[in-house]
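# Commentary on secondary and tertiary structure
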Amino acid sequence: MTAELSVAVWPGITPRLLRDRPESLAEYQQSGGYGALADTDHLLAEVQASGLLGRGGAAFPLAVKLQTVRDNGRDASGTVVIANGEEGEPASIKDRWLLRNRPHAVLDGLRLAAGIVGADRAVVYVSDSAAADSVERALDELPRELAGVTIELLTVAPGYVAGEETAAVHVVNGGPAKPTDKPPRPFEEGVDGKPTLISNVETLAHLAYLHQHGARAFRELGTEASPGTFLATITGAGRAPALYELPHGIAFADLLTLHGVSPDNVRGVLMGGYFAGLVNRDIVGATLDHESVRALNSGLGCGAIGILTEDCPVAVAASVLAYFDRENAGQCGSCFNGTAAMAAVAVGLRDGNATQDDLDRLKRWSVVLRGRGACATLDGAANVAASLLAQFPDQVQSHLENGCQTCRSAAFTAARPYEVESVEAVVAV
Ligand SMILES: Cc1cc2nc3c(=O)[nH]c(=O)nc-3n(C[C@H](O)[C@H](O)[C@H](O)COP(=O)(O)O)c2cc1C
Ligand code: SF4
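What you see is a predicted model; the values in this text were computed from it and never measured. Numbers given to residues run from 1 along each chain, matching the order in which its sequence is written. Following the order in which they are written, the chains are lettered starting with A and the ligands numbered starting with 1. With the structure being a predicted model, the display of local features is reserved for residues of pLDDT at least 70 and the display and counting of side-chain atom pairs for 80 or more, all residues being used for whole-chain, interface and lining totals. Side-chain numbers here rest on the full set of heavy atoms in the structure, without hydrogens or water.

Looking now at the domain arrangement of the protein. As far as domains go, the protein holds domain 1 (13–219) and domain 2 (313–409). Contacts are assigned to residue pairs with any non-hydrogen atoms lying within 4.5 Å of each other. Domain 1 puts eleven residues into the contact, and the matching count from domain 2 is eight residues. Summed over both partners, buried area is the accessible surface (1.4 Å probe) that two parts give up on being assembled. Taking both partners together, domain 1 and domain 2 bury about 780 Å²; carbon and sulfur atoms supply 59% of that area. Of all residues in domain 1, Tyr160, Val161 and Pro179 bury the most surface against domain 2, accounting for 57% of the area lost on that side. The domain boundaries here were taken from an automatic or database domain assignment.

The next thing to look at is the site of ligand 2. In the vicinity of ligand 2, the contacting residues are Val161, Pro179, Asn328, Ala329, Gly330, Gln331, Cys332, Cys335, Gly373, Ala374, Cys375 and Thr377. The pocket and cavity definitions rest on a 1 Å grid over protein atoms only: a 1.4 Å probe that fits but cannot leave marks a cavity, an open set with protein on both sides within 12 Å along at least five of seven lines marks a pocket, and residues lining either have an atom within 4 Å of a point. To qualify as sitting in a cavity or pocket, a molecule needs more than half of its atoms within 2 Å of the grid points. Of the pockets mapped on this structure, ligand 2 occupies the largest cavity. For this scheme, ten residues count as nonpolar: Ala, Val, Leu, Ile, Met, Phe, Trp, Tyr, Cys and Pro. Four count as charged, namely Asp, Glu, Lys and Arg, and the remainder, Gly too, count as polar. In terms of residue class, the shell around ligand 2 is built from seven nonpolar, five polar and no charged. Near is defined per residue: the residue qualifies when any heavy atom it owns lies within 4 Å of the molecule or strand.

For the rest of this paragraph, the subject is helix α12 (residues 313–327). Per the convention used, a helix needs a DSSP run of H or I reaching at least four residues, while a strand needs a run of E reaching at least two, with both numbered from the N terminus. Multiply 1.5 Å by the residue count of a helix minus one, and that product is the helix's expected span. Between its first and last C-alpha atoms α12 spans 21 Å; for 15 residues at 1.5 Å apiece the expected length is 21 Å, and the two agree. Where burial is concerned, most of α12 is hidden: twelve out of the 15 residues are buried. Partly exposed residues are those whose accessible area sits between 20% and 50% of the maximum for their type, while under 20% is buried and over 50% is exposed, using a 1.4 Å probe and protein chains only.

Moving on, we come to the site of ligand 1. Taken together, 18 residues lie near ligand 1, and Gly56, Lys65, Glu165, Asn200 and Thr203 sit nearest. Pairs of N or O atoms are called polar contacts if they sit within 3.5 Å, as long as, within protein, a hydrogen donor faces a hydrogen acceptor (for residues adjacent in sequence, only side-chain-to-side-chain pairs). One of the backbone N or O atoms of Gly88 is found 3.0 Å from an oxygen atom in ligand 1. Take Thr203: an N or O atom from its side chain is 2.6 Å from an oxygen atom of ligand 1. Here the Shrake-Rupley method, with its probe set to 1.4 Å, supplies the accessible areas, and only the displayed protein chains count as covering residues. Starting from 610 Å² of accessible surface for ligand 1 in isolation, the protein chains cover 88%. The site holding ligand 1 turns out to be the largest pocket. Ranked by residues supplied to the shell around ligand 1, first place goes to strand β5 (residues 196–200) with three residues. Class assignment for the residues of the shell around ligand 1 results in three nonpolar, nine polar and six charged.

To continue, consider the packing of aromatic side chains. Each aromatic pair joins two rings of Phe, Tyr and Trp (for Trp, the six-membered one) with centres within 6.5 Å, and gets the label stacked for planes under 30 degrees apart, edge-to-face for over 60, and tilted for any other angle. Throughout the structure, instances matching the rule amount to seven aromatic pairs. Here Tyr28 and Tyr34 contribute two aromatic rings whose centre-to-centre distance is 5.2 Å and whose plane-to-plane angle is 85°, an arrangement assigned as edge-to-face. A single burial state applies to Tyr28 and to Tyr34, both of which are buried. The interplanar angle of 65° and the centroid separation of 6.2 Å between the aromatic rings of Tyr323 and Phe324 together place this pair among those described as edge-to-face. There is no split in this pair, since Tyr323 and Phe324 are both buried. By the ring-pair criterion, three or more aromatic residues cluster together here, those being Tyr160, Tyr274, Tyr323 and Phe324. Here Arg16 stacks its cationic end above the ring of Phe218, 5.5 Å away from the centre of that ring. Cation placement over rings: the criterion is NZ of Lys or CZ of Arg within 6 Å of the ring centroid and within 35° of the ring normal.

Before going further, it helps to examine the sheet that holds β5. Being paired, for any two strands, means DSSP has found at least two bridges between them. Strand order in the open sheet formed by four strands is β4-β3-β2-β5, and the pairing between neighbours is parallel. Of all strands in the sheet, those with a lone pairing partner are β4 (151–155) and β5, marking the two edges. For this sheet, the mean angle separating the axes of adjacent strands, direction not counted, is 20°. In terms of strand pairing, strand β3 (residues 119–126) meets β4 through five bridges, oriented parallel. Bridging from a neighbouring strand, Val124 pairs with Leu153 of β4. In this analysis an axis means a line fitted to C-alpha atoms, helices contributing only their contacting stretch, and an angle means the value between N-to-C directions, from 0 to 180 degrees. Lying over the sheet, helix α5 (residues 103–117) contacts β2 (79–85), β3, β4 and β5, oriented at roughly 155° with respect to β2.

And the structure:
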C-alpha cells in the first residue's frame, strides 16, 4: 500500500530543515550554506551554547561527542565522521526525507563536524536507494575544496539494527550490519580503529543551521533543556502519515488538532518509533520536549509518534514485540530468547490465551533483561512490555479476564506497526 506523506512546518515559525522542494547546491549556497569554517574552537563553543541534542534517538549532547572525539583524536592517527542516515525505524521518515530533499544541509553538517574533530575521512551511511541517489548527485556537484574532506557514500541493506552506531562502524570496516560489543565505543575506537563521531543526519543538518545562524538564533525556538526544532513523523489515528518540523515544547494536543485528530479520541501513543514504548492518554496533556516526555517514563527518541485511536494497546505492543523478535540481529542469547518470550506472552494476551503467571513473567523480563545484549534493542522491547503493563493496566486486565472483543474479531496485527511506506510527499511548507 502506498500512502501519501504530508510535510508541514509548525504554524508561525520559519522552517530550518523543511522546504518545499529538493535543494540544489546553488540554492543551498545562496541561502548561506557551506560558509567558511574559520574557527573550529568558536563553532564548538557555539554548539555547546546551543545545547543541540542528537536527533537519532538518545538525545546525547552533540558538543560532548565532538569534544570527546576531538580529544581522543589527539593521541590517535586521525579521526573519522559518519552521517547516520540508515533510519531502520519503520515508523520514521525524517532522515530519508532530509537526504532526498536537503542532501547539502547534511553534507554541510558532516564537513563541519569533520572540521571540528579533525577528521580526514567522512562517510554518509544510508540504506534507502532514493536517498543514496540524492546524496550521490549532491556529492557529484560538491567541489572537494568546499567539503574540505573526502566524503564517501556507503549503502547497506535496510534493517532495524543496521543504524545502531557499532553496526554502522562494523559496515564501514567491511563487516556485516550487526552491532558489536562495547567497549570500545565508536568515540574511543571506531572506523580503522580511530576515534569516530557518528551523528544522525538530522543532527548534522541542525549543525549546519547553527553554523550559519549561531547559538542564540538556534535557541529562539524550543525549551531551555530541549532547544531548537525537531522533525516529527506522525502516524496512526487512521490518517495519512505526516512529517512536521516542530519547535520543542509545543502542546501535543495542539499537534493533534493540526493533524486533524480529536484529542478526545486518543487512547495513547507509541513513542520514539518502536523504541520508547507506549504512553496512555496522559500524553494529551503533555508538551513535546525531552523533559515533559521523560516525566511520562518515555522518550521522544527519533521523533516518531504513532497515535492510537481505534488500535488496542495490547495488540500494538504484541505487534511491536513480534517485530523485535524477528528483527533482532540474532547474535545475543538474551535478546534472541528474550524478545521471543516477551512477544509470545503479548501475542497470547492479545489472543486471550495468557495467564497471570505469563504476565508476572513479562513484568520480570521487562526489568531484568534491560542492558543485556550488544545493543539496546532488548531495552526497546523491555520498554514496550513495561509501558504496556504500567500505562494500560485496565486493558491488560480485561484481556486477561475476558479477552478482547475487538482483538478477537479484527486484531491489530501489522507486521511493521505505523510504518511509513511511501515518501510521495504532499508539501505544505
Ligand atoms: C537498535 C538501534 C538502532 C538504531 N538505529 C539508528 C538509526 O537508524 N539512525 C540513527 O541515526 N541512529 C540510530 N540509532 C542510534 C545510534 O546508535 C546513535 O546513537 C546515533 O546515530 C547517534 O546520533 P545522534 O547523536 O545524532 O543522535 C540506533 C540505536 C539502536 C540501539
Ligand atoms: S542485543 Fe539483540 S539486536 Fe542487539 S546485537 Fe544482540 S541480538 Fe542483535
